[in-house]
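So the chains spell out like this:
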Amino acid sequence: MTAMPRTGEEWTVDDLDRLPDDGLQYELLDGLLLVTPAPVLLHQRTIGNLHLLLRAACTPGYEVFLSPVDWRPDLRTSLQPDLLVVRNEDVAVRNITAPLVLAVEVLSPSTRRKDLVLKRRSTRTAACSPIGSSTRRHRSWSPSTWSTAATSPRTLAGDERAILHHPFDVEVAPADLIRAP
């Protein structure tokens with residue numbers, strides 16, 4: 001991840017819209033431009049599999065989106081969670097501006113700090129659920145976004161399964177998230 005400095009004024013979503021479509025991920029956080037390279041294939045497989053699980057479990061009134069989708073809660077912030085759940089009435093033509101119901105990030109070494117620190121703080125500020133995470137290296141899932149049968153978040157590994165309850169019930173196991181079709 002690279003933060004692009006700017007002399008004088010902060011970046012806005014209008015500035016972001018003028019950047020080239022060059023395969024990099026551009027996000028804004030409180031006026032600071034964050035640039036990230038395209039994700040690796042295992043990352044894409046993981047979010048693809050999780051997207052399929054969430055779509056299958058999605059209840060009426062919600063919609064599940066796969067990145068890249070811009071969440072723009074204000075003129076100085078534009079983030080692209082790996083997966084996001086929004087209420088149907090909050091779906092716009094181009095971007096999501098309403099508070100998210102759920103944001104999910106699949107962690108990777110190059111984006112771990114940005115996802116766990118910067119983006120988590122921003123999504124909590126916007127009154128959506130905190131970010132859940134999956135780490136490819138440890139093949140584990142930390143469902144900090146949803147409540148499980150336990151009262152506090154826990155880390156799952158391998159074929160261990162948990163039913164997550166927010167915003168709808170879905171059963172998940174880390175091994176399923178990284179498994180090829």
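A quick note: this is a predicted structure, and the numbers were derived from the prediction, not measured.

Points about the overall build of the protein chain
Link 1 in the chain: Along its length, the protein chain carries four helices and 13 strands.
Link 2 in the chain: Within the span of the protein chain, comprising 181 residues, buried residues form 48% of the whole.
Link 3 in the chain: The contacts in the protein chain between residues at least 6 apart in sequence include a share of 51% that link residues at least 24 apart.
Link 4 in the chain: Accessible surface, the protein chain: about 9200 Å² in total, of which carbon and sulfur atoms supply 54%.

Observations regarding the pattern of salt bridges
Link 1 in the chain: Counted under the stated rule, the structure contains nine salt bridges.
Link 2 in the chain: Here R72 makes a salt bridge to D17, at a shortest N to O gap of 2.8 Å. Placement of R72 in strand β5 (residues 71-74) and of D17 in helix α1 (residues 13-17) is noted, with a sequence separation of 55 residues between them.
Link 3 in the chain: Overall, R72 belongs to the buried group, its relative accessible area being 8%.
Link 4 in the chain: The partner of R72 in a salt bridge is D70, and the shortest N-O contact between them spans 3.7 Å.
Link 5 in the chain: Exposure remark for D70: the relative accessible area of 17% places this residue in the buried category.
Link 6 in the chain: In the salt-bridge network here, residues are joined through shared partners; they are D159, R161, E171, D176 and R179.

So, the environment of I47
Link 1 in the chain: Position of I47 among the secondary structure elements: in helix α2 (residues 41-57).
Link 2 in the chain: For I47, a relative accessible area of 2% translates into the label buried.
Link 3 in the chain: Separated by 35 residues in sequence, I47 and D82 place their C-alpha atoms 6.7 Å apart.
Link 4 in the chain: If we skip the residues at most four places from it in the chain, I47 touches L66, D82, L83 and V106.

Thoughts on the confidence of the model for the protein chain
Link 1 in the chain: For the protein chain, per-residue confidence averages 76 on the pLDDT scale, and residues scoring 70 or more make up 69% of the total.
Link 2 in the chain: Confidence scores differ between elements of the protein chain, with strand β9 (residues 132-135) showing the lowest mean pLDDT of 45 and strand β4 (residues 62-66) the highest of 94.
Link 3 in the chain: Scored below 50 in pLDDT, residues 124-152 shows 101 contacts in the model against residues more than four places distant or in partner chains.

Some thoughts on the environment of R87
Link 1 in the chain: Residue position: R87 is located in strand β7 (residues 83-87).
Link 2 in the chain: Taking the C-alpha atoms as reference, R87 lies 7.9 Å from L100; in sequence the two are 13 residues apart.
Link 3 in the chain: Setting aside its immediate chain neighbours within four residues, R87 contacts G61, Y62, P99 and V101.

Let's talk about unusual backbone geometry
Link 1 in the chain: A cis geometry characterises the amide bond from S67 onward to P68, with omega recorded as 10°.
Link 2 in the chain: Here P68 is to be found in the loop between β4 and β5.
Link 3 in the chain: In this model, H166 is joined to P167 through a cis peptide bond whose omega is 5°.
Link 4 in the chain: Within the secondary structure, P167 sits in the loop between β12 (162-164) and β13 (170-172).

Focus on the nonpolar core
It is characteristic of soluble globular proteins that their nonpolar side chains tend to be buried jointly.
Link 1 in the chain: Counting residues in hydrophobic clusters, the biggest one holds 16 residues, and the most contacted among them are L50, L54, V85 and F168.
Link 2 in the chain: Among the elements that take part in this core, α2 stands out by supplying three residues, more than any other.
Link 3 in the chain: If you look at the next biggest cluster of nonpolar residues, it comprises eleven residues, including L29, F65, V69 and I96.

Quick look at the pairing of strand β3 (residues 32-36)
Link 1 in the chain: Where burial is concerned, most of β3 is hidden: four out of the five residues are buried.
Link 2 in the chain: Relative to β3, strand β2 (residues 25-29) is paired through five bridges, and the arrangement is antiparallel. Paired with E27 across the strands is L34, a residue of β3.
Link 3 in the chain: The loop that links β2 with its antiparallel partner β3 comprises two residues; one of these, D30, has a positive phi angle of about 50°.

So, how was this worked out
- Sequence order sets the numbering: in each chain, residues are counted from 1 along the sequence as written.
- Local features are withheld for residues below a pLDDT of 70 in this predicted model, meaning they are given only at 70 or higher, and side-chain atom pairs are given and counted only at 80 or more; totals for whole chains, interfaces and linings count all residues.
- Hydrogens are left out, water is left out, and the side-chain values use all remaining heavy atoms of the structure.
- Counting from the N terminus, the helices are the DSSP runs of H or I reaching at least four residues and the strands are the DSSP runs of E reaching at least two.
- A 1.4 Å probe rolled over the protein chains alone gives each residue an accessible area, and that area as a share of the maximum for its type sets the label: buried under 20%, exposed over 50%, partly exposed in between.
- Two residues qualify as a contact provided that any one of their heavy atoms is within 4.5 Å of a heavy atom in the partner residue.
- Using the Shrake-Rupley algorithm and a 1.4 Å probe, accessible areas are obtained, with residue cover drawn only from the displayed protein chains.
- We define a salt bridge as a contact between a side-chain nitrogen of Lys or Arg and a carboxyl oxygen of Asp or Glu at a distance within 4 Å.
- Across the chain, each position has a pLDDT score giving the predictor's confidence in that residue, from 0 to 100.
- To qualify as a nonpolar core, a set must consist of buried Ala, Val, Leu, Ile, Met, Phe, Trp, Tyr and Cys residues joined through side-chain atoms within 4.5 Å.
- When DSSP finds two or more bridges between two strands, those strands count as paired.

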